[in-house]
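# Fold and geometry: a report
As a plain string of letters, each chain reads:
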Amino acid sequence: IRDRFGFPQPVEMVHGISAELRDATLDPKYVHIFVGSSIAPGFFAWVIPTNDHGTTARIGLCIGKQHTRPLQHYFTALLQQPLLQGTTVLKRFGGTIPLGPLKKTTAAHLMLVGDAAAQVKPTSGGGIYPGLLCATHCSAIAEDAFQKQRFDEEFLQRYHAAWTKEIGRELSLGMRFRSIFTHLTDSQFNKYLEKLNTQKILDIINTYGDIDYPSRLAFPLLKTAPSLLSLAPALLKRIHK
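Residues numbered from 1 in each chain as written. Predicted model: local features only at pLDDT ≥ 70, side-chain atom pairs only at ≥ 80, totals over all residues. Heavy atoms only, no water.

## What about the overall build of the chain?
Within the chain, the regular secondary structure consists of seven helices and seven strands. Mapped in sequence order, the helices and strands of the chain form the string β-β-β-β-α-β-β-β-α-α-α-α-α-α. Burial statistics for the chain: of 241 residues in total, 41% are counted as buried. Contacts spanning at least 24 positions in sequence make up 64% of the contacts within the chain whose residues lie at least 6 apart. If you sum the accessible surface of the chain, you get close to 13500 Å²; carbon and sulfur atoms cover 57% of it. (Helix = DSSP H or I, 4+ residues; strand = E, 2+ residues; numbered from the N terminus. Buried < 20%, exposed > 50% of the residue type's maximum accessible area, 1.4 Å probe, protein only. Contact = heavy atoms within 4.5 Å. Areas by Shrake-Rupley, 256 points an atom, 1.4 Å probe, with all protein chains shown as cover.)

This is the structure:
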């Protein structure tokens, strides 16, 4: 759609693969996340139990432009993790995720929403919440356009203004957080994860963490954990750029 109608491209495309498994022996209360250049360079991998017994699961990973091997190599590495030994793959899925919201999402007779508009959370790749949120604005403007018989770009531009006002800043901040994430080495990951793995920090994450607005966690986290301030200059520079 973007190419056909001459819209700008997202900042980045990440490539992913996922699968449904059976014969797992997982604790159904926990989700497992993996980061690092050997398993999911530029993004992360996940293992999510999907029943109360931990015998079925959805697994997957995405890779950014930092990868040095084919996507299948990283998926095979994920399947070789000890907690997935003995599992059986039932279905596999794959695709690309656009990151970095478009600067232009309207034209005459046309409005883009969802993945077409790259309305995706850069920190997680999730698109359901921002897509539905923006779809609400899209449908409202579409209804108004039919009532007034105004389908020109100037009129439909109100949709772009509405969704960017509500969620544009959050998506932009997400891209800046992602920029920091993709520049961390594996040793830096380990260093910061060790600092985050305390009860005090976990309490802050549980209190302020919001899967749809992750930026709300940044400053309470830095305030509570001064040792993370070594990361703050780069973080603040990107947030206020």
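## Observations regarding the pairing of strand β3 (residues 45-49)
Here β3 lies mainly inside the structure; four of its five residues are buried. Where β3 and strand β4 (residues 57-63) come together, five bridges link them in antiparallel fashion. Each residue of the ladder has a partner; that of Ala45, found in β4, is Leu61. (Pairing = 2+ DSSP bridges.)

## Here we look at the nonpolar core
In this structure, Ala45, Val47, Ile59, Leu61 and Leu78 are the most contacted members of the largest nonpolar core, which totals 18 residues. Put simply, the parts of the chain that give this core at least two residues each are β1 (12-22), β3, β4 and α1 (71-79). In this structure, Val47 is in contact with Leu26, Val31, His32, Phe34, Arg58, Ile59, Leu78, Leu83 and Leu84, ignoring residues within four places of it in sequence. Counting residues in each nonpolar core, the second largest holds 13 residues, with Tyr159, Trp163, Leu171 and Tyr213 among its members. (Core = buried A, V, L, I, M, F, W, Y, C linked by side-chain atoms within 4.5 Å.)

## Concerning the packing of aromatic side chains
Scanning the entire structure with this criterion turns up four aromatic pairs. A ring pair is formed by Phe146 and Phe151, whose centres lie 5.1 Å apart and whose planes are at 70°; its orientation type is edge-to-face. Grouping aromatic residues by their ring pairs yields a cluster made of Phe43, Phe44 and Trp46. Its guanidinium or amino end placed over the ring of Phe155, Arg158 lies 4.6 Å from that ring's centre, counting from NZ or CZ. (Phe/Tyr/Trp six-rings, centres within 6.5 Å; stacked < 30°, edge-to-face > 60°. Lys NZ or Arg CZ within 6 Å of the ring centre and 35° of its normal.)

## Thoughts on the layout of surface pockets
Any empty space left between the atoms is revealed when a probe the size of a water molecule rolls over them. In this model, the second largest pocket occupies a volume close to 430 Å³. Taken together, 20 residues make up the lining of the second largest pocket; nearest its centre are Val11, Glu12, Met175, Arg176 and Ser179. Residue composition of the lining of the second largest pocket, grouped by class: six nonpolar, seven polar and seven charged. (1 Å grid on protein atoms, 1.4 Å probe; cavity = no way out; pocket = protein on both sides within 12 Å on 5 of 7 lines; lining within 4 Å. Points joined across faces, edges and corners; volume = space filled by probe spheres on them. Nonpolar A, V, L, I, M, F, W, Y, C, P; charged D, E, K, R; others polar.)

## Observations regarding the environment of Glu154
On the secondary structure map, Glu154 appears in helix α3 (residues 153-182). As a C-alpha pair, Glu154 and Ala108 span 46 residues in sequence and 7.9 Å in three-dimensional space.

## A look at the state of the cysteines
Scanning all chains against the criterion turns up zero disulfides. A disulfide-free cysteine, Cys134 has its sulfur positioned 9.0 Å from the sulfur of Cys138, the nearest such atom. Given the relative accessible area of 1%, Cys134 is considered buried. (Disulfide = S-S within 2.5 Å.)

## Focus: the sheet that holds strand β2 (residues 32-34)
Whenever strands of a sheet pair, they do so through backbone hydrogen bonds, lying parallel or antiparallel. Read from one edge of the open sheet, five strands run β2-β3-β4-β1-β5, paired in antiparallel fashion. Of all the strands in the sheet, just β2 and β5 (88-99) have a single pairing partner and so form its edges. Strand-to-strand twist across the sheet, computed as the mean angle between neighbouring axes with direction ignored, equals 15°. When β1 meets β5, the two strands line up antiparallel, connected through 11 bridges. In the sheet register, Ala19 faces β5, and the bridge partner there is Arg92. Together, β1, β2, β3, β4 and β5 form the strand contacts of α1, whose direction differs from that of β4 by roughly 140°. (Axes fitted to C-alpha atoms, helices over the stretch in contact; angles between N-to-C directions.)

## Quick notes on the pattern of salt bridges
On inspection of all chains with the given rule, the structure shows eight salt bridges. The partner of Lys29 in a salt bridge is Asp27, and the shortest N-O contact between them spans 3.2 Å. Accessibility expressed as a relative area gives 66% for Lys29, which makes it exposed. Across the pair Asp144 and Lys148 runs a salt bridge whose closest N-O atoms are separated by 2.5 Å. Here Asp144 and its partner Lys148 are both found in helix α2 (residues 128-148), four residues apart, which amounts to about one turn of the helix. Its relative accessible area of 49% is what places Lys148 among the partly exposed residues. Through salt bridges with shared partners, one network takes in Asp144, Lys148 and Arg158. (Salt bridge = Lys/Arg side-chain N within 4 Å of Asp/Glu carboxyl O.)

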